[in-house]
Amino acid sequence: MLFEVLQMNSLNDIWDKIIEILSHQLTPTAINTWFSDCTPVDIEDCRLVLHTTTDFKRGIISSRFGDTIKAALSDLFSCDFDLLVLAGDEINDFAIKKKVDSSLPEMAGYTFDRFIVGSSNKFAHAAAIAVAENPGKTYNPLFIYGNSGLGKTHLLLAIGQQIHEKSPEKSIAYIKGDEFTNQLVKSIKDGTAEEFRQKYRNVDLFLVDDIQFIAGKQQTQNEFFHTFNNIYEAGHQIVITSDRPPLEMSILDDRLRTRFEGGLMADIQPPDLETRMAITRNKAGQLGLLLSDDAVEYIATNITANIRQLEGVIKRLTAYKEILDDVINIDSVKRAIRDVIRIGTYIPTPESIIRETARYYSLKEEDLRGQSRSKNTAMARQVSMYLMRSLTNLSLKDIGAEYEDRNHATVLSSIRKVEDLLKTDPNMAGTVRDITSNINSI
């Protein structure tokens, strides 16, 4: 067997490990006196909740042993832990509730202390903290870029979380690039464009995720330009994330490019092995799953480029334990990894190509698959066929089957049209490159 995973996957297993650690420092009498009727209640979001019978015992456990318990948890999970000790009847009313502004549920759980810092993201992390501590005064706008799944959104929302906690009166708006387009189109259709503008132009903090999706959409870029100017000139903070720097967005409006580059740009690179191991422990700790060092290293060695994939493995292992009542061993870890990592060359599915192309053109997937002949839809459909031919092994007939059984001649004509445009139109080259990047970032 390649390694053995510690069989401490339940809350009671973790508490037994803590008691074992305490037993090296305390006498059996002390352990029995203070912890015989102390039970673990919950472990979530890097906080352990215990229950004991009396308020007196609660005070002793918290004051004498609290730091030792938290240090042990920190060593096990590679993240700072809080400790809450309940006494007597308090357990009946206990509930862990994260207080987050109800209008911004996206921020829940995204804090700086839960972000694992390594050489690959140290600069972006420091810049984000500086912005959170002094919004609108330093590094405005802050532009964080890097491949999908490396923590850009975490830093973006952690900024919002910290500013909200320090100054709850400040107004915060969070939106994704493609959703900005969708809301703008809807506001124009419904005659509520002015309400849309006021919603975003007067905020104290403007958080924009995946800005690359507005590139090439002229009306959206124009509206975003004025929104950006209003917020910036008012001295309020703007934070933006993207999967690439502004210079690589070939169809981004020059006015926006210069404004993005006028602030601080911070990139995030894929984490090294040590950072991936720390992230794995941290994510497992948040879900109350304890893995051996060998298990953590095995996971971190096989999942190299995407933090979301690390999370996916941990969540699968947790599900195996909780839903299937499965013992976490070498086979379950391999099974979890097998479901997540991509072995060899990644071949995207037709569904992912159509989905990302439709999103780029602000259309629905059924528009591309259907019979609409509008200019925008027809071009999007042709581009998606070209990408399907370029990125997959599907035949012309198989590609046509994805579009309500269009014949191979129609598919071939669409592909050749895009190929001709790629030779003469630099915008088409940028479009194909951007959609391809989005597809490969899924």
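Further up the page is the structure itself.
As the structure is a prediction and not an experimental result, all values here were calculated from the model.

Caption draft 1: Seen up close, the overall build of the protein chain. A count of helical and extended segments in the protein chain gives 20 helices and 8 strands. Seen along its three principal axes, the alpha-carbon backbone of the protein chain occupies a region of about 85 × 55 × 40 Å. Relative to its full complement of 442 residues, the protein chain shows a buried share of 50%. Residue pairs in contact within the protein chain that sit at least 24 positions apart in sequence constitute 71% of those at least 6 positions apart. Accessible surface computed for the protein chain: about 21100 Å², of which carbon and sulfur atoms make up 48%. Charge separation in the protein chain, taken as the distance between the mean sites of 51 positive and 62 negative side-chain charges, equals 6 Å.

Caption draft 2: Seen up close, the environment of Asn 393. Residue placement: Asn 393 occurs in the loop between helix 17 (375-391) and helix 18 (396-401). You can call Asn 393 exposed: its relative accessible area is 70%. Separated by 45 residues in sequence, Asn 393 and Pro 348 have C-alpha atoms that sit 9.9 Å apart.

Caption draft 3: Region of interest: the packing of helix 8 (residues 193-201) against helix 9 (residues 218-233). In contact at an axis separation of 9 Å, helix 8 and helix 9 are set at 40 degrees when each is read in the N-to-C sense. It follows from the interaxial angle that helix 8 and helix 9 lie oblique. For the pair helix 8 and helix 9, the crossing hand works out as right-handed. On helix 9, the residues touching Phe 196, Arg 197, Tyr 200 and Arg 201 of helix 8 are Glu 223, His 226, Thr 227, Asn 230 and Ile 231. Of the residues assigned to the contact of helix 8 with helix 9, the class counts are 3 nonpolar, 3 polar and 3 charged.

Caption draft 4: Spatial organisation of the packing of aromatic side chains. If you walk through the whole model with that rule in mind, you get 15 aromatic pairs. With centroids separated by 5.5 Å and ring planes inclined at 35 degrees, the aromatic side chains of Phe 143 and Phe 260 adopt a geometry described as tilted. Remark: Phe 260 occurs in helix 10 (residues 254-261) and Phe 143 occurs in strand 4 (residues 142-145); sequence separation between them is 117 residues. Residue classification places Phe 260 among the buried residues on the basis of a relative accessible area of 0%. On the numbers, 5.9 Å between centres and 50 degrees between planes, the contact of Phe 180 with Tyr 200 is tilted. Here Tyr 200 lies in helix 8 and Phe 180 lies in helix 7 (residues 177-190), a separation of 20 residues in the sequence. Take Phe 180: its relative accessible area is 1%, and that puts it in the buried class. A relative accessible area of 3% means that Tyr 200 is categorised as buried. Through pairs of rings, three or more aromatic residues link up here, namely Phe 143, Tyr 145, Phe 180, Phe 196, Tyr 200, Phe 206, Phe 224, Phe 228, Tyr 232 and Phe 260. Looking at Lys 217, its charged tip hangs above the ring of Tyr 360, at a distance of 4.8 Å from the centre. Over the ring of Phe 225 we find Arg 255; its NZ or CZ atom is 3.9 Å from the centre of that ring.

Caption draft 5: Geometry of helix 13 (residues 307-322). Helix length check: helix 13, at 16 residues, gives a terminal C-alpha distance of 23 Å against a target of 22 Å (1.5 Å per residue), a fit within 8%. Among the residues of helix 13, Ile 307, Gln 309, Leu 310, Gly 312, Val 313, Ile 314, Leu 317, Thr 318 and Tyr 320 are the ones counted as buried. Packed against the buried residues of helix 13 are helix 11 (273-286), helix 12 (293-302) and helix 14 (330-338).

Caption draft 6: Representation of the nonpolar core within the structure. In terms of nonpolar packing, the biggest core is built from 47 residues, with Phe 206, Ile 211, Phe 224, Ile 240, Phe 260 and Leu 387 touching the most fellow members. Take this core: its biggest share by element is 6 residues, from helix 17. Of all hydrophobic cores here, the second largest spans 26 residues; its members include Leu 48, Leu 50, Phe 77 and Cys 79.

Analysis parameters
- Residues numbered from 1 in each chain as written.
- Predicted model: local features only at pLDDT ≥ 70, side-chain atom pairs only at ≥ 80, totals over all residues.
- Heavy atoms only, no water.
- Helix = DSSP H or I, 4+ residues; strand = E, 2+ residues; numbered from the N terminus.
- Buried < 20%, exposed > 50% of the residue type's maximum accessible area, 1.4 Å probe, protein only.
- Contact = heavy atoms within 4.5 Å.
- Areas by Shrake-Rupley, 256 points an atom, 1.4 Å probe, with all protein chains shown as cover.
- Lys, Arg positive; Asp, Glu negative; His and termini not counted.
- Charge placed at Lys NZ, Arg CZ, Asp CG, Glu CD.
- Axes fitted to C-alpha atoms, helices over the stretch in contact; angles between N-to-C directions.
- Parallel < 35°, antiparallel > 145°, perpendicular 65-115°, else oblique.
- Left-handed = near helix turned anticlockwise from the far one by under 90°.
- Nonpolar A, V, L, I, M, F, W, Y, C, P; charged D, E, K, R; others polar.
- Phe/Tyr/Trp six-rings, centres within 6.5 Å; stacked < 30°, edge-to-face > 60°.
- Lys NZ or Arg CZ within 6 Å of the ring centre and 35° of its normal.
- Expected span 1.5 Å × (residues − 1).
- Core = buried A, V, L, I, M, F, W, Y, C linked by side-chain atoms within 4.5 Å.

Nothing here speaks to function; it is all geometry.
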